[in-house]
2 protein chains.
Amino acid sequence: MTTALPNTDSDRDRGEIRALAFDAYGTLFDVHSVSSTCRRLFAEQADSIVRLWRQKQLEYTWLSSLMGRYRDFWWVTERGLRYALAAVGVAAKPEAVEEAMAAYLTLDAYPDVAEALASLGDRRLAILSNGSPRMLRAAVESAGLGDHFEHVISAETAQVFKPSPRFYRLGPETLGLDAPWQLGFVSSNAWDVAGAKAYGFWTCWVKRREAPAEALDLSPDLEVGNLRQLAYNLGSP
Amino acid sequence: MTTALPNTDSDRDRGEIRALAFDAYGTLFDVHSVSSTCRRLFAEQADSIVRLWRQKQLEYTWLSSLMGRYRDFWWVTERGLRYALAAVGVAAKPEAVEEAMAAYLTLDAYPDVAEALASLGDRRLAILSNGSPRMLRAAVESAGLGDHFEHVISAETAQVFKPSPRFYRLGPETLGLDAPWQLGFVSSNAWDVAGAKAYGFWTCWVKRREAPAEALDLSPDLEVGNLRQLAYNLGSP
(Lines give C-alpha, C1' and ligand atoms only; values in the text may rest on other atoms or scores of the structure.)
Protein backbone atom coordinates (compact mmCIF):
# COMPACT_ATOMS: atom_id res chain seq x y z
CA MET A 1 0.00 0.00 0.00
CA THR A 2 1.35 3.44 -0.82
CA THR A 3 0.48 6.45 1.23
CA ALA A 4 0.37 9.87 -0.37
CA LEU A 5 2.65 12.17 1.57
CA PRO A 6 2.10 15.90 1.53
CA ASN A 7 4.64 18.19 -0.16
CA THR A 8 5.91 15.52 -2.55
CA ASP A 9 7.06 16.34 -6.03
CA SER A 10 4.07 14.48 -7.48
CA ASP A 11 1.66 16.71 -5.57
CA ARG A 12 3.57 19.67 -6.84
CA ASP A 13 3.63 18.35 -10.38
CA ARG A 14 -0.14 17.97 -10.30
CA GLY A 15 -0.14 21.69 -9.64
CA GLU A 16 -2.81 21.75 -6.99
CA ILE A 17 -3.30 25.48 -6.80
CA ARG A 18 -5.58 26.03 -3.85
CA ALA A 19 -5.80 29.82 -4.09
CA LEU A 20 -4.74 32.70 -6.32
CA ALA A 21 -3.10 35.88 -5.11
CA PHE A 22 -2.82 38.94 -7.34
CA ASP A 23 -0.38 41.79 -7.36
CA ALA A 24 -2.32 45.09 -7.33
CA TYR A 25 -0.69 48.00 -9.21
CA GLY A 26 -0.20 47.30 -12.90
CA THR A 27 -1.77 43.84 -12.59
CA LEU A 28 -5.34 44.56 -11.42
CA PHE A 29 -5.27 48.34 -11.25
CA ASP A 30 -4.42 50.49 -14.23
CA VAL A 31 -2.13 53.27 -13.04
CA HIS A 32 -2.91 55.20 -16.24
CA SER A 33 -4.94 57.74 -14.26
CA VAL A 34 -1.72 58.66 -12.42
CA SER A 35 -0.22 59.55 -15.79
CA SER A 36 -3.18 61.64 -16.89
CA THR A 37 -3.24 63.54 -13.60
CA CYS A 38 0.49 64.23 -14.01
CA ARG A 39 -0.01 65.45 -17.59
CA ARG A 40 -2.59 67.91 -16.33
CA LEU A 41 -0.33 69.06 -13.48
CA PHE A 42 3.12 68.98 -15.05
CA ALA A 43 2.45 69.40 -18.80
CA GLU A 44 5.37 68.43 -21.06
CA GLN A 45 7.51 67.17 -18.15
CA ALA A 46 4.84 64.67 -17.09
CA ASP A 47 6.28 61.69 -19.01
CA SER A 48 9.74 62.04 -17.45
CA ILE A 49 8.19 62.56 -14.02
CA VAL A 50 5.92 59.51 -14.28
CA ARG A 51 8.77 57.28 -15.45
CA LEU A 52 11.16 58.44 -12.74
CA TRP A 53 8.41 58.35 -10.11
CA ARG A 54 7.63 54.70 -10.79
CA GLN A 55 11.34 53.81 -10.87
CA LYS A 56 12.06 55.56 -7.56
CA GLN A 57 8.88 54.20 -5.94
CA LEU A 58 10.19 50.69 -6.60
CA GLU A 59 13.77 51.53 -5.66
CA TYR A 60 12.62 52.96 -2.35
CA THR A 61 10.67 49.79 -1.54
CA TRP A 62 13.85 47.78 -2.17
CA LEU A 63 16.23 50.15 -0.44
CA SER A 64 14.09 50.72 2.66
CA SER A 65 13.48 46.97 2.97
CA LEU A 66 17.19 46.18 2.66
CA MET A 67 18.10 48.87 5.18
CA GLY A 68 15.55 47.41 7.58
CA ARG A 69 13.75 50.79 7.68
CA TYR A 70 10.23 50.00 6.51
CA ARG A 71 7.98 52.96 5.78
CA ASP A 72 4.59 52.30 4.23
CA PHE A 73 3.88 52.37 0.50
CA TRP A 74 2.18 55.78 0.69
CA TRP A 75 5.36 57.28 2.17
CA VAL A 76 7.57 55.50 -0.36
CA THR A 77 5.32 56.62 -3.23
CA GLU A 78 5.32 60.24 -2.05
CA ARG A 79 9.11 60.23 -1.66
CA GLY A 80 9.48 58.75 -5.14
CA LEU A 81 7.39 61.63 -6.50
CA ARG A 82 9.48 64.21 -4.64
CA TYR A 83 12.67 62.72 -6.07
CA ALA A 84 11.23 62.73 -9.59
CA LEU A 85 10.14 66.37 -9.31
CA ALA A 86 13.59 67.37 -8.02
CA ALA A 87 15.32 65.40 -10.77
CA VAL A 88 13.44 67.18 -13.57
CA GLY A 89 13.68 70.52 -11.77
CA VAL A 90 9.98 71.08 -11.09
CA ALA A 91 9.19 73.06 -7.91
CA ALA A 92 5.68 71.72 -7.39
CA LYS A 93 3.24 73.29 -4.94
CA PRO A 94 2.14 71.08 -2.03
CA GLU A 95 -1.36 70.92 -3.55
CA ALA A 96 0.06 69.53 -6.80
CA VAL A 97 1.93 66.81 -4.91
CA GLU A 98 -1.26 65.98 -3.00
CA GLU A 99 -3.28 65.82 -6.17
CA ALA A 100 -0.79 63.55 -7.93
CA MET A 101 -0.69 61.26 -4.90
CA ALA A 102 -4.48 61.17 -4.68
CA ALA A 103 -4.56 59.62 -8.16
CA TYR A 104 -3.36 56.41 -6.48
CA LEU A 105 -6.61 56.24 -4.53
CA THR A 106 -8.95 56.34 -7.52
CA LEU A 107 -7.66 53.78 -9.98
CA ASP A 108 -9.61 51.81 -12.56
CA ALA A 109 -9.28 48.07 -13.01
CA TYR A 110 -7.97 46.92 -16.39
CA PRO A 111 -10.88 46.02 -18.69
CA ASP A 112 -10.13 42.25 -18.50
CA VAL A 113 -10.11 42.06 -14.71
CA ALA A 114 -13.78 41.89 -13.66
CA GLU A 115 -14.65 39.19 -16.21
CA ALA A 116 -11.58 37.11 -15.39
CA LEU A 117 -12.17 37.30 -11.63
CA ALA A 118 -15.82 36.33 -12.14
CA SER A 119 -14.84 33.26 -14.14
CA LEU A 120 -12.27 32.34 -11.47
CA GLY A 121 -14.94 32.87 -8.82
CA ASP A 122 -14.96 29.25 -7.63
CA ARG A 123 -11.41 29.69 -6.43
CA ARG A 124 -10.16 31.44 -3.34
CA LEU A 125 -8.83 34.82 -4.46
CA ALA A 126 -6.67 37.37 -2.67
CA ILE A 127 -4.63 40.49 -3.31
CA LEU A 128 -0.99 40.33 -2.14
CA SER A 129 0.48 43.79 -2.53
CA ASN A 130 3.07 46.32 -1.40
CA GLY A 131 0.22 48.82 -0.99
CA SER A 132 -0.77 50.15 2.40
CA PRO A 133 -4.15 48.97 3.70
CA ARG A 134 -5.68 52.41 3.10
CA MET A 135 -4.38 52.60 -0.48
CA LEU A 136 -5.59 49.09 -1.26
CA ARG A 137 -9.03 49.64 0.27
CA ALA A 138 -9.45 52.81 -1.77
CA ALA A 139 -8.30 51.18 -5.02
CA VAL A 140 -10.43 48.05 -4.57
CA GLU A 141 -13.48 50.19 -3.85
CA SER A 142 -12.78 52.66 -6.66
CA ALA A 143 -12.40 49.81 -9.16
CA GLY A 144 -15.48 47.98 -7.81
CA LEU A 145 -13.60 44.74 -7.12
CA GLY A 146 -14.46 44.33 -3.43
CA ASP A 147 -16.68 41.26 -3.80
CA HIS A 148 -14.06 39.09 -5.45
CA PHE A 149 -11.41 38.84 -2.75
CA GLU A 150 -11.38 36.78 0.41
CA HIS A 151 -8.31 38.69 1.64
CA VAL A 152 -6.53 41.91 0.75
CA ILE A 153 -3.03 41.34 2.11
CA SER A 154 -0.70 44.30 2.60
CA ALA A 155 3.07 44.53 3.13
CA GLU A 156 2.14 46.48 6.26
CA THR A 157 1.68 43.20 8.14
CA ALA A 158 5.23 42.00 7.36
CA GLN A 159 6.84 45.47 7.59
CA VAL A 160 8.87 44.60 4.52
CA PHE A 161 8.27 44.85 0.76
CA LYS A 162 8.59 42.43 -2.16
CA PRO A 163 10.64 40.43 -3.02
CA SER A 164 11.45 39.50 0.58
CA PRO A 165 10.36 35.98 1.58
CA ARG A 166 8.98 37.61 4.74
CA PHE A 167 6.56 39.42 2.45
CA TYR A 168 5.52 36.50 0.26
CA ARG A 169 4.90 34.17 3.20
CA LEU A 170 1.98 36.42 4.18
CA GLY A 171 0.07 34.74 1.32
CA PRO A 172 0.09 31.10 2.49
CA GLU A 173 -0.08 32.20 6.14
CA THR A 174 -3.18 34.35 5.66
CA LEU A 175 -4.87 31.77 3.44
CA GLY A 176 -3.95 28.86 5.71
CA LEU A 177 -2.07 26.93 3.02
CA ASP A 178 0.45 24.23 3.92
CA ALA A 179 2.97 24.89 1.17
CA PRO A 180 3.98 27.87 -0.99
CA TRP A 181 3.32 26.00 -4.25
CA GLN A 182 -0.37 25.73 -3.33
CA LEU A 183 -0.59 29.46 -4.02
CA GLY A 184 -0.77 30.72 -7.59
CA PHE A 185 0.71 34.21 -7.74
CA VAL A 186 -0.17 36.57 -10.57
CA SER A 187 1.79 39.74 -11.40
CA SER A 188 2.57 41.98 -14.35
CA ASN A 189 5.97 42.85 -12.84
CA ALA A 190 8.69 40.49 -14.02
CA TRP A 191 10.84 41.04 -10.91
CA ASP A 192 7.83 40.32 -8.66
CA VAL A 193 7.17 37.07 -10.52
CA ALA A 194 10.85 36.15 -10.07
CA GLY A 195 10.67 36.86 -6.32
CA ALA A 196 7.47 34.83 -5.94
CA LYS A 197 8.99 31.96 -7.90
CA ALA A 198 12.08 32.08 -5.66
CA TYR A 199 9.77 31.82 -2.67
CA GLY A 200 8.11 28.73 -4.13
CA PHE A 201 4.77 29.95 -5.48
CA TRP A 202 3.30 28.77 -8.75
CA THR A 203 3.64 31.94 -10.81
CA CYS A 204 1.91 33.63 -13.72
CA TRP A 205 3.43 36.63 -15.50
CA VAL A 206 0.79 38.90 -16.99
CA LYS A 207 2.77 40.54 -19.74
CA ARG A 208 0.45 43.46 -20.42
CA ARG A 209 3.04 45.03 -22.67
CA GLU A 210 6.20 43.88 -24.38
CA ALA A 211 9.02 43.57 -21.84
CA PRO A 212 12.04 41.30 -21.43
CA ALA A 213 11.97 38.69 -18.67
CA GLU A 214 14.36 39.25 -15.78
CA ALA A 215 17.69 37.45 -16.30
CA LEU A 216 17.54 35.78 -12.88
CA ASP A 217 16.98 32.07 -13.69
CA LEU A 218 13.47 32.24 -12.22
CA SER A 219 11.00 31.72 -15.05
CA PRO A 220 7.24 31.98 -14.52
CA ASP A 221 5.15 28.82 -14.76
CA LEU A 222 2.72 30.57 -17.08
CA GLU A 223 2.95 33.67 -19.25
CA VAL A 224 -0.23 35.39 -20.46
CA GLY A 225 -1.17 38.70 -22.06
CA ASN A 226 -4.12 39.41 -19.76
CA LEU A 227 -6.18 37.87 -16.96
CA ARG A 228 -8.78 36.31 -19.30
CA GLN A 229 -6.01 34.10 -20.65
CA LEU A 230 -5.08 33.13 -17.09
CA ALA A 231 -8.69 32.13 -16.35
CA TYR A 232 -8.84 30.15 -19.59
CA ASN A 233 -5.58 28.35 -18.79
CA LEU A 234 -6.53 27.41 -15.27
CA GLY A 235 -10.06 26.28 -16.14
CA SER A 236 -12.23 25.18 -13.26
CA PRO A 237 -10.58 24.32 -9.97
CA MET B 1 37.32 63.94 37.74
CA THR B 2 35.31 63.11 34.60
CA THR B 3 35.86 59.94 32.70
CA ALA B 4 35.34 59.88 28.94
CA LEU B 5 32.97 57.07 28.08
CA PRO B 6 33.05 55.49 24.65
CA ASN B 7 30.04 55.86 22.32
CA THR B 8 28.77 59.05 23.92
CA ASP B 9 27.17 61.81 21.91
CA SER B 10 30.10 64.11 22.67
CA ASP B 11 32.54 61.60 21.17
CA ARG B 12 30.30 61.39 18.16
CA ASP B 13 29.97 65.15 17.90
CA ARG B 14 33.72 65.47 17.92
CA GLY B 15 33.60 63.30 14.80
CA GLU B 16 36.46 61.01 15.65
CA ILE B 17 36.77 59.31 12.33
CA ARG B 18 39.27 56.52 12.86
CA ALA B 19 39.26 55.14 9.29
CA LEU B 20 37.85 55.89 5.85
CA ALA B 21 36.13 53.34 3.62
CA PHE B 22 35.51 54.06 -0.06
CA ASP B 23 32.90 52.74 -2.44
CA ALA B 24 34.64 51.44 -5.57
CA TYR B 25 32.70 51.81 -8.84
CA GLY B 26 31.93 55.42 -9.70
CA THR B 27 33.73 56.68 -6.59
CA LEU B 28 37.33 55.52 -7.05
CA PHE B 29 37.08 53.76 -10.41
CA ASP B 30 35.84 55.52 -13.51
CA VAL B 31 33.53 53.13 -15.34
CA HIS B 32 33.91 55.26 -18.48
CA SER B 33 35.94 52.49 -20.14
CA VAL B 34 32.86 50.27 -19.91
CA SER B 35 31.01 52.86 -22.00
CA SER B 36 33.75 53.14 -24.59
CA THR B 37 34.00 49.35 -24.94
CA CYS B 38 30.23 49.24 -25.41
CA ARG B 39 30.33 51.98 -28.04
CA ARG B 40 32.87 49.96 -29.97
CA LEU B 41 30.82 46.75 -29.65
CA PHE B 42 27.25 48.03 -29.93
CA ALA B 43 27.59 51.29 -31.91
CA GLU B 44 24.55 53.56 -31.72
CA GLN B 45 22.75 51.34 -29.22
CA ALA B 46 25.62 51.60 -26.72
CA ASP B 47 24.18 54.49 -24.70
CA SER B 48 20.86 52.73 -24.08
CA ILE B 49 22.67 49.50 -23.25
CA VAL B 50 25.06 51.15 -20.80
CA ARG B 51 22.24 53.01 -19.02
CA LEU B 52 20.04 49.92 -18.73
CA TRP B 53 23.00 47.73 -17.80
CA ARG B 54 23.92 49.93 -14.82
CA GLN B 55 20.27 50.17 -13.75
CA LYS B 56 19.77 46.40 -13.87
CA GLN B 57 23.13 45.67 -12.26
CA LEU B 58 21.96 47.68 -9.24
CA GLU B 59 18.44 46.28 -9.31
CA TYR B 60 19.80 42.74 -9.32
CA THR B 61 21.99 43.46 -6.29
CA TRP B 62 18.89 44.71 -4.44
CA LEU B 63 16.53 41.99 -5.67
CA SER B 64 18.90 39.07 -5.08
CA SER B 65 19.75 40.41 -1.60
CA LEU B 66 16.07 40.82 -0.70
CA MET B 67 15.23 37.35 -2.01
CA GLY B 68 18.06 35.94 0.11
CA ARG B 69 19.67 34.54 -3.06
CA TYR B 70 23.11 36.12 -3.14
CA ARG B 71 25.13 35.67 -6.31
CA ASP B 72 28.40 37.52 -6.67
CA PHE B 73 28.78 40.92 -8.36
CA TRP B 74 30.29 39.39 -11.49
CA TRP B 75 27.17 37.24 -11.98
CA VAL B 76 24.85 40.16 -11.22
CA THR B 77 26.77 42.41 -13.63
CA GLU B 78 26.69 39.82 -16.40
CA ARG B 79 22.95 39.26 -15.91
CA GLY B 80 22.34 42.99 -15.99
CA LEU B 81 24.14 43.14 -19.34
CA ARG B 82 22.09 40.25 -20.72
CA TYR B 83 18.88 42.00 -19.69
CA ALA B 84 20.00 45.26 -21.29
CA LEU B 85 20.90 43.53 -24.55
CA ALA B 86 17.53 41.75 -24.64
CA ALA B 87 15.68 44.98 -23.84
CA VAL B 88 17.20 46.86 -26.77
CA GLY B 89 16.94 43.81 -29.05
CA VAL B 90 20.66 43.17 -29.59
CA ALA B 91 21.62 39.51 -30.11
CA ALA B 92 25.23 39.79 -28.99
CA LYS B 93 27.78 37.06 -29.60
CA PRO B 94 29.24 35.41 -26.49
CA GLU B 95 32.60 37.05 -27.28
CA ALA B 96 31.00 40.51 -27.25
CA VAL B 97 29.44 39.83 -23.83
CA GLU B 98 32.82 38.62 -22.56
CA GLU B 99 34.57 41.68 -23.93
CA ALA B 100 32.06 44.09 -22.39
CA MET B 101 32.35 42.31 -19.04
CA ALA B 102 36.14 42.36 -19.20
CA ALA B 103 36.00 46.18 -19.26
CA TYR B 104 35.14 45.93 -15.54
CA LEU B 105 38.56 44.41 -14.87
CA THR B 106 40.62 47.22 -16.41
CA LEU B 107 39.26 50.46 -15.00
CA ASP B 108 41.07 53.73 -14.46
CA ALA B 109 40.92 55.70 -11.25
CA TYR B 110 39.39 59.18 -11.49
CA PRO B 111 42.13 61.82 -11.88
CA ASP B 112 41.60 63.18 -8.34
CA VAL B 113 41.93 59.82 -6.59
CA ALA B 114 45.69 59.16 -6.32
CA GLU B 115 46.48 62.65 -5.02
CA ALA B 116 43.62 62.60 -2.52
CA LEU B 117 44.53 59.15 -1.20
CA ALA B 118 48.14 60.23 -0.84
CA SER B 119 47.18 63.29 1.20
CA LEU B 120 44.91 61.10 3.35
CA GLY B 121 47.74 58.65 3.74
CA ASP B 122 48.10 59.09 7.51
CA ARG B 123 44.64 57.64 7.95
CA ARG B 124 43.58 54.03 7.76
CA LEU B 125 41.96 53.53 4.34
CA ALA B 126 39.82 50.71 2.97
CA ILE B 127 37.57 49.85 0.06
CA LEU B 128 34.06 48.67 1.01
CA SER B 129 32.37 47.47 -2.16
CA ASN B 130 29.74 45.25 -3.75
CA GLY B 131 32.46 43.96 -6.09
CA SER B 132 33.69 40.39 -5.96
CA PRO B 133 37.23 39.92 -4.65
CA ARG B 134 38.51 39.08 -8.14
CA MET B 135 36.90 42.17 -9.70
CA LEU B 136 38.21 44.44 -6.94
CA ARG B 137 41.73 43.00 -7.10
CA ALA B 138 41.81 43.55 -10.86
CA ALA B 139 40.47 47.11 -10.65
CA VAL B 140 42.80 48.13 -7.81
CA GLU B 141 45.77 46.76 -9.72
CA SER B 142 44.69 48.21 -13.06
CA ALA B 143 44.25 51.66 -11.48
CA GLY B 144 47.52 51.39 -9.54
CA LEU B 145 45.91 52.02 -6.14
CA GLY B 146 47.10 48.91 -4.33
CA ASP B 147 49.47 50.65 -1.91
CA HIS B 148 46.83 52.92 -0.39
CA PHE B 149 44.45 50.44 1.19
CA GLU B 150 44.82 48.46 4.38
CA HIS B 151 41.77 46.35 3.43
CA VAL B 152 39.73 45.69 0.30
CA ILE B 153 36.41 44.51 1.69
CA SER B 154 33.96 42.69 -0.59
CA ALA B 155 30.24 41.89 -0.23
CA GLU B 156 31.33 38.29 -0.79
CA THR B 157 32.14 37.99 2.92
CA ALA B 158 28.61 39.00 4.00
CA GLN B 159 26.84 37.25 1.09
CA VAL B 160 24.58 40.26 0.78
CA PHE B 161 24.85 43.60 -1.06
CA LYS B 162 24.41 47.24 -0.06
CA PRO B 163 22.41 48.77 1.58
CA SER B 164 21.96 45.84 3.98
CA PRO B 165 23.33 46.49 7.48
CA ARG B 166 24.89 43.01 7.20
CA PHE B 167 27.01 44.46 4.41
CA TYR B 168 28.01 47.74 6.05
CA ARG B 169 29.01 46.09 9.31
CA LEU B 170 31.88 44.43 7.43
CA GLY B 171 33.62 47.83 7.61
CA PRO B 172 33.91 48.30 11.39
CA GLU B 173 34.35 44.53 11.88
CA THR B 174 37.26 44.26 9.47
CA LEU B 175 38.89 47.44 10.74
CA GLY B 176 38.33 46.57 14.39
CA LEU B 177 36.34 49.71 15.20
CA ASP B 178 34.07 49.89 18.22
CA ALA B 179 31.28 51.96 16.71
CA PRO B 180 29.91 52.60 13.20
CA TRP B 181 30.39 56.38 13.48
CA GLN B 182 34.15 55.87 13.79
CA LEU B 183 34.09 54.93 10.10
CA GLY B 184 33.89 57.64 7.45
CA PHE B 185 32.22 56.21 4.36
CA VAL B 186 32.71 57.83 0.97
CA SER B 187 30.53 57.13 -2.06
CA SER B 188 29.34 58.81 -5.25
CA ASN B 189 26.07 56.88 -5.11
CA ALA B 190 23.38 58.80 -3.23
CA TRP B 191 21.49 55.62 -2.27
CA ASP B 192 24.72 54.06 -0.93
CA VAL B 193 25.39 57.14 1.19
CA ALA B 194 21.82 56.92 2.53
CA GLY B 195 22.28 53.25 3.42
CA ALA B 196 25.62 53.94 5.13
CA LYS B 197 24.08 56.84 7.05
CA ALA B 198 21.21 54.59 8.15
CA TYR B 199 23.79 52.12 9.43
CA GLY B 200 25.47 54.84 11.46
CA PHE B 201 28.62 55.74 9.51
CA TRP B 202 29.86 59.28 9.09
CA THR B 203 29.16 59.78 5.39
CA CYS B 204 30.52 61.80 2.50
CA TRP B 205 28.70 62.05 -0.81
CA VAL B 206 31.07 62.60 -3.73
CA LYS B 207 28.76 64.29 -6.19
CA ARG B 208 30.84 63.78 -9.30
CA ARG B 209 27.97 65.03 -11.43
CA GLU B 210 24.74 66.89 -10.83
CA ALA B 211 22.19 64.56 -9.26
CA PRO B 212 19.35 64.97 -6.77
CA ALA B 213 19.81 63.58 -3.28
CA GLU B 214 17.66 60.58 -2.35
CA ALA B 215 14.40 61.63 -0.65
CA LEU B 216 14.95 59.25 2.26
CA ASP B 217 15.64 61.58 5.23
CA LEU B 218 19.26 60.38 5.38
CA SER B 219 21.49 63.29 4.47
CA PRO B 220 25.26 62.92 4.11
CA ASP B 221 27.49 64.60 6.71
CA LEU B 222 29.60 66.10 3.94
CA GLU B 223 29.02 66.73 0.24
CA VAL B 224 31.96 67.28 -2.09
CA GLY B 225 32.58 67.38 -5.82
CA ASN B 226 35.69 65.18 -5.78
CA LEU B 227 38.06 63.41 -3.39
CA ARG B 228 40.51 66.33 -3.19
CA GLN B 229 37.75 68.31 -1.52
CA LEU B 230 37.22 65.46 0.94
CA ALA B 231 40.92 65.41 1.84
CA TYR B 232 40.90 69.20 2.25
CA ASN B 233 37.82 69.06 4.51
CA LEU B 234 39.15 66.31 6.73
CA GLY B 235 42.61 67.79 7.08
CA SER B 236 45.12 65.79 9.09
CA PRO B 237 43.84 63.06 11.38
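Our structure's up above, just so we're on the same page.
Described in the following lines is the structure provided in the data block. (Residues numbered from 1 in each chain as written. Chains lettered and ligands numbered in written order. Predicted model: local features only at pLDDT ≥ 70, side-chain atom pairs only at ≥ 80, totals over all residues. Heavy atoms only, no water.)

Some points on empty space enclosed by the protein
Line of reasoning, step 1. Scanning the entire structure with this criterion turns up two cavities of 30 Å³ or more.
Line of reasoning, step 2. The space that makes up the largest cavity amounts to roughly 90 Å³.
Line of reasoning, step 3. In terms of lining residues, the largest cavity is bounded by Asp 23, Tyr 25, Arg 54, Leu 58, Phe 73, Ser 129, Asn 130, Lys 162, Asn 189, Trp 191 and Asp 192 of chain B.
Line of reasoning, step 4. When residues of the lining of the largest cavity are traced back to their parent elements, those giving at least two are helix H3 (46-67) and helix H10 (190-199) of chain B.
Line of reasoning, step 5. Of the residues assigned to the lining of the largest cavity, the class counts are four nonpolar, three polar and four charged.
Line of reasoning, step 6. Volume-wise, the second largest cavity comes out at about 60 Å³.
Line of reasoning, step 7. Looking at the second largest cavity, the residues that line it are Asp 23, Tyr 25, Arg 54, Leu 58, Phe 73, Asn 130, Lys 162, Asn 189, Trp 191 and Asp 192 of chain A.
Line of reasoning, step 8. Breaking the lining of the second largest cavity down by element, the ones donating at least two residues are helix H3 (46-67) and helix H10 (190-199) of chain A.
Line of reasoning, step 9. Taken together, the residues that form the lining of the second largest cavity break down as four nonpolar, two polar and four charged. (1 Å grid on protein atoms, 1.4 Å probe; cavity = no way out; pocket = protein on both sides within 12 Å on 5 of 7 lines; lining within 4 Å. Points joined across faces, edges and corners; volume = space filled by probe spheres on them. Helix = DSSP H or I, 4+ residues; strand = E, 2+ residues; numbered from the N terminus. Nonpolar A, V, L, I, M, F, W, Y, C, P; charged D, E, K, R; others polar.)

Some remarks on the interface of chain B and chain A
Line of reasoning, step 1. With 32 residues of chain B at the interface, the matching set in chain A holds 31 residues.
Line of reasoning, step 2. Approximately 2800 Å² of surface area, both sides summed, lies buried where chain B meets chain A, with 67% of it carried by carbon and sulfur atoms.
Line of reasoning, step 3. Per-residue buried area on chain B facing chain A is highest for Leu 66, Met 67 and Leu 216 of chain B; these three make up 24% of the total on that side.
Line of reasoning, step 4. The interface formed by chain B and chain A includes four salt bridges.
Line of reasoning, step 5. At the boundary of chain B and chain A, one finds 12 residue pairs in polar contact (both at pLDDT 80 or more).
Line of reasoning, step 6. Breaking the side of chain B that touches chain A down by element, the ones donating at least two residues are H3, helix H4 (73-88) and H10 of chain B.
Line of reasoning, step 7. Ranked by residue count, the leading element in the side of chain B that touches chain A is H3 of chain B, at nine residues. (Contact = heavy atoms within 4.5 Å. Buried area = accessible area lost by both parts, 1.4 Å probe. Salt bridge = Lys/Arg side-chain N within 4 Å of Asp/Glu carboxyl O. Polar contact = N/O pair within 3.5 Å; in protein donor to acceptor, adjacent residues only side chain to side chain.)

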